[in-house]
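Breakdown of the fold
If you want the building blocks of each chain, they are given just below.
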Amino acid sequence: MRLRDIELDVATLLEAAGLGTLSGDTPTLYPGPFPTSAPDEMIAIIDAGGDPPEKYLADTGLSLHRDTVTVLVRGTRSPGSDKETGDRARAAWSALYDLQPDGYVRVEPTEGRPTRQPPDDEGRPRWVFSVELEYLSASAPGAVVPQLAPEDVPRR
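Rules and cut-offs
Residues numbered from 1 in each chain as written. Predicted model: local features only at pLDDT ≥ 70, side-chain atom pairs only at ≥ 80, totals over all residues. Heavy atoms only, no water. Helix = DSSP H or I, 4+ residues; strand = E, 2+ residues; numbered from the N terminus. Contact = heavy atoms within 4.5 Å. Areas by Shrake-Rupley, 256 points an atom, 1.4 Å probe, with all protein chains shown as cover. Core = buried A, V, L, I, M, F, W, Y, C linked by side-chain atoms within 4.5 Å. Buried < 20%, exposed > 50% of the residue type's maximum accessible area, 1.4 Å probe, protein only. Phe/Tyr/Trp six-rings, centres within 6.5 Å; stacked < 30°, edge-to-face > 60°. Lys NZ or Arg CZ within 6 Å of the ring centre and 35° of its normal. Pairing = 2+ DSSP bridges. Salt bridge = Lys/Arg side-chain N within 4 Å of Asp/Glu carboxyl O.

For the chain, the count of helices and strands is two helices and seven strands. Its helices and strands taken in sequence order, the chain reads α-β-β-β-β-α-β-β-β from the N to the C terminus. Across the chain, contacts joining residues at least 24 apart in sequence account for 62% of those joining residues at least 6 apart. Approximately 8,300 Å² of the chain is accessible, and the part contributed by carbon and sulfur atoms is 51%.

Right, dumping it as structure tokens:
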């Protein structure tokens, strides 16, 4: 069974949408914990856990994974930054809405919109939202993972 790096995958989707960069001298997208040296204006994607894999259809050798990440969008301490940070959070939410990127059955925010959080200890504005991801993995030797449409996956 191959588990995916869901934090990196979501960060890569946000990078493709032009919402930051994973590389360079000062990355602005952080899959997983971010260092204290991260710039004020950044986005972190943090694994929030998920359900145990479930067998997908009898005797197919496939497992369905349902995982969740939290997307934290942080801004600078400058005037007007809270609105700008909220705008970036909404842009990130929109970029991840109703996706089916390669290897995934579904990538979708679970809330209706990002929500404002209290500023961090340094007074920087923060907005958060969660994203649910679904993907299949081979759980038996020789099993082949098909590309499925979201409507082909059983819902809870």
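Our next topic: the nonpolar core. Within the largest apolar cluster, 22 residues are counted, with the highest numbers of intra-cluster contacts made by Leu14 and Val71. Those elements that provide at least two residues to this core are helix H1 (6–16), strand S2 (42–50), strand S4 (62–74), helix H2 (81–96) and strand S7 (126–138). Here this core gets five residues from one element, more than from any other, and that element is S7. Residue contacts for Leu14: discarding those within four places in its chain leaves Leu19, Gly20, Leu29, Ile43, Ile45, Val71, Ala92 and Leu96.

This part takes up the packing of aromatic side chains. To describe a pair of aromatic rings, you give the distance between the ring centres and the angle between the ring planes. Enumeration according to the criterion identifies two aromatic pairs in this entry. A ring pair is formed by Trp93 and Tyr97, whose centres lie 5.2 Å apart and whose planes are at 20°; its orientation type is stacked. We classify Tyr97 as partly exposed; its relative accessible area is 42%. Aromatic side chains Tyr104 and Tyr135 sit 5.6 Å apart centroid to centroid with 75° between the ring planes, which places their arrangement in the edge-to-face category. One end of the pair, Tyr104, is in the loop between H2 and strand S5 (106–109); the other, Tyr135, is in strand S7, with 31 residues separating them in the sequence. Owing to a relative accessible area of 4%, Tyr104 belongs among the buried residues under this scheme. A cation sits over an aromatic face here: Arg90 above Trp127, 5.4 Å from the ring centre.

Turning next to the pairing of S5. Neither face of S5 is open: one carries Arg106 and Glu108, the other Val107 and Pro109, and all of them are buried. Pairing geometry for S5 and S7, over four bridges, is antiparallel. Note on S7: the bridge partner recorded for Val107 is Leu133.

Turning to the pattern of salt bridges, a few remarks are in order. One pass over the structure, following the stated rule, counts 14 salt bridges. Glu134 is the salt-bridge partner of Arg66, the closest N and O atoms lying 3.0 Å from each other. Here Arg66, found in strand S4, pairs with Glu134, found in strand S7; they are 68 residues apart in sequence, far enough to count as distant. Residue class for Glu134 comes out buried when judged on its relative accessible area of 1%. As a salt-bridge pair, Arg106 and Glu134 come within 3.1 Å of each other at their nearest N and O atoms. Placement of Arg106 in strand S5 and of Glu134 in strand S7 is noted, with a sequence separation of 28 residues between them. Residue Arg106 is classed as buried on the basis of its relative accessible area of 13%. One continuous salt-bridge network, built from bridges that share partners, spans Asp40, Arg74, Arg77, Asp120, Glu122 and Arg124.

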